[in-house]
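Residue strings, one per chain:
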Amino acid sequence: MARGRSNFKMGTVELIVLFLLDKSDLYGYQLTTLIETLSEGKVIVTESSLYPTLYKLKNNGCISDIEKPIGKRRIRVYYHLEDSGKARLADLLEDYENNRIGTDRILACKELPEEYYAAD
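Bear in mind the structure is a predicted one, so any value in this text is a computation, not a measurement.

Here is what the cut-offs are and how they apply
Residues numbered from 1 in each chain as written. Predicted model: local features only at pLDDT ≥ 70, side-chain atom pairs only at ≥ 80, totals over all residues. Heavy atoms only, no water. Axes fitted to C-alpha atoms, helices over the stretch in contact; angles between N-to-C directions. Helix = DSSP H or I, 4+ residues; strand = E, 2+ residues; numbered from the N terminus. Parallel < 35°, antiparallel > 145°, perpendicular 65-115°, else oblique. Left-handed = near helix turned anticlockwise from the far one by under 90°. Contact = heavy atoms within 4.5 Å. Nonpolar A, V, L, I, M, F, W, Y, C, P; charged D, E, K, R; others polar. Core = buried A, V, L, I, M, F, W, Y, C linked by side-chain atoms within 4.5 Å. Buried < 20%, exposed > 50% of the residue type's maximum accessible area, 1.4 Å probe, protein only. Pairing = 2+ DSSP bridges.

1. Digging into the packing of helix α2 (residues 28-38) against helix α3 (residues 47-59)
The N-to-C vectors of α2 and α3 enclose an angle of 120°; their axes lie 10 Å apart at closest approach. The angle between α2 and α3 places the two elements in the oblique class. Along this stretch, α2 crosses α3, giving a crossing that reads as right-handed. Contacts between α2 and α3 involve Gly28, Tyr29, Leu31 and Thr32 from the first element and Glu47, Leu50, Tyr51 and Leu54 from the second. A per-class count over the contact of α2 with α3 returns five nonpolar, two polar and one charged.

So, in structure tokens, the structure goes:
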């Protein structure tokens, strides 16, 4: 795993989860496999890092959970994006875009402005 990748993931799991739930109600395992599939294996979110994010989003009213029976004895919990979650997603997308643009500009720098070089 590339150094720093874990911190990036932790900071973006909320954004990714809200983004995907905006498309459809999904259950936990479905979210983990969808994230890995859509990122072509570049982003892996384990269930142990996903569920704390889901619980936080639920406690904040951004998502709700819906229990659906699967077969005779199993219940699957689907997560649903609420209106406050849509507003949170919009805020996170705006922050993400601003950070992406700023980072792209920094990484496009060929050399620092003269005033930033150490004085001799």
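Moving on, there is more to tell.
2. Details of the nonpolar core
In terms of nonpolar packing, the biggest core is built from 20 residues, with Val17, Leu18, Leu21, Leu31, Leu54 and Ile63 touching the most fellow members. The set of elements that each furnish at least two residues to this core consists of α1 (5-21), α2, α3, β3 (74-81) and α4 (83-107). Looking at this core element by element, the count peaks at six residues for α1. Leave out the neighbours within four places in its chain, and Leu18 touches Leu57, Cys62, Ile63, Leu81, Gly85, Arg88, Leu89 and Leu92.

3. A word on the pairing of strand β2 (residues 63-70)
Across eight bridges, the pairing between β2 and β3 is antiparallel. From the neighbouring strand, Asp65 faces β3, where its bridge partner is Tyr79. Here β2 folds back onto β3, and the loop between the two strands holds three residues, one of which, Gly71, carries a positive phi near 70°.

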